[in-house]
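# Structure assessment
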Amino acid sequence: ETGVTQTPRHLVMGMTNKKSLKCEQHLGHNAMYWYKQSAKKPLELMFVYNFKEQTENNSVPSRFSPECPNSSHLFLHLHTLQPEDSALYLCASSQGQGRDTEAFFGQGTRLTVV
Amino acid sequence: DAKTTQPPSMDCAEGRAANLPCNHSTISGNEYVYWYRQIHSQGPQYIIHGLKNNETNEMASLIITEDRKSSTLILPHATLRDTAVYYCIVRVAGSARQLTFGSGTQLTVLP
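Going along each chain's sequence as written, the residues are numbered from 1 onward. Each chain takes a letter, starting from A, and each ligand takes a number, starting from 1, following the order in which they are written. Where local features are concerned, this predicted model is filtered to residues with pLDDT of at least 70; where side-chain atom pairs are given and counted, the filter is 80 or more; whole-chain, interface and lining totals use all residues. In computing side-chain properties, one takes all heavy atoms of the structure into account and sets aside hydrogens as well as water.

## Considerations on the packing of aromatic side chains
The pairing test for Phe, Tyr and Trp rings, Trp by its six-membered ring, is centres within 6.5 Å, and the orientation test on the planes gives stacked under 30 degrees, edge-to-face over 60, and tilted for anything in between. Applying the stated rule across the entire model yields ten aromatic pairs over all chains. Each ring, one from A:Phe105 and one from B:Tyr36, has its centre 6.0 Å from the other, and the planes form 85 degrees; the classification is edge-to-face. Taken together, the residues span two chains, with A:Phe105 in strand 10 (residues 104-105) and B:Tyr36 in strand 3 (residues 31-38). Note on accessibility: A:Phe105 and B:Tyr36 belong to one class, buried. Seen from their ring centres, B:Tyr36 and B:Tyr46 are 5.8 Å apart, and the 75 degrees between their planes marks the pair as edge-to-face. Of this pair, B:Tyr36 sits in strand 3 while B:Tyr46 sits in strand 4 (residues 45-50); the two residues are ten residues apart in sequence, bridging distant segments of the chain. In this scheme, a residue with accessible area under 20% of its type's maximum is buried, one over 50% is exposed, and one in between is partly exposed, where area comes from a 1.4 Å probe on protein chains only. Its relative accessible area of 0% is what places B:Tyr36 among the buried residues. Taken together, A:Tyr33, A:Tyr35, A:Phe105, B:Tyr34, B:Tyr36, B:Tyr46, B:Tyr87 and B:Phe101 form an aromatic cluster joined through their ring pairs. Comment: elements are numbered from the N terminus, with helices defined as DSSP H or I runs of at least four residues and strands as E runs of at least two.

## A short note on the environment of A:Thr55
All names here are of chain A. Mapped onto the elements, Thr 55 comes out in strand 6 (residues 53-57). Owing to a relative accessible area of 43%, Thr 55 belongs among the partly exposed residues under this scheme. Sequence separation of Thr 55 and Ala 31 is 24 residues, and the distance between their C-alpha atoms is 9.7 Å. Contact between two residues is taken to exist if any of their heavy atoms lie within 4.5 Å; hydrogens are not considered. Other than its neighbours up to four places away in sequence, Thr 55 contacts Val 48, Tyr 49 and Asn 50.

Structure, rendered in structure tokens:
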């Protein structure tokens, strides 16, 4: 248990569906991250939020839409995904600006697009 | 952030020490060395980090060379549950910088 909780753990969705991934942390951290990990590939950073403001968007397609309503919650809204978007989606948090601390990861959501 | 180089895979006998090397020859003075591991299909787990001094915690030891261009993660008594991909990352301190993961080293602990 890392203090970062992701739901759901598994998700199967059709290409026309809309779904959301949720991440919650109770560590008092100010920075939260979404990563994507496709099969046999390194983790790819998608988005970074610091104090609820998006500070990084690594050229992620608009079918992925993040939302950070407060420092403890992070969402990833999904719509009209493609089969190649099937991957493990990981959320992480860290203390953020001005502090050097480790990042804690959730267990991920295994997404399958059919 | 500086790039790192790690061997793609290593084997280690159960109960023996696992020594995982990492080269980071372009590391700058304000960059820390971090180690994470990822057991299959789980989220990465923080192991240890350091700036220039050797560090030890309940999981591992981190040895950083004097010129800081390389480091070694040591798991003193490897168990089967230590089988994972181990990532060495260098990262600037003092900002909300993302962790940039490379391909890591697949450590397989053999019975």
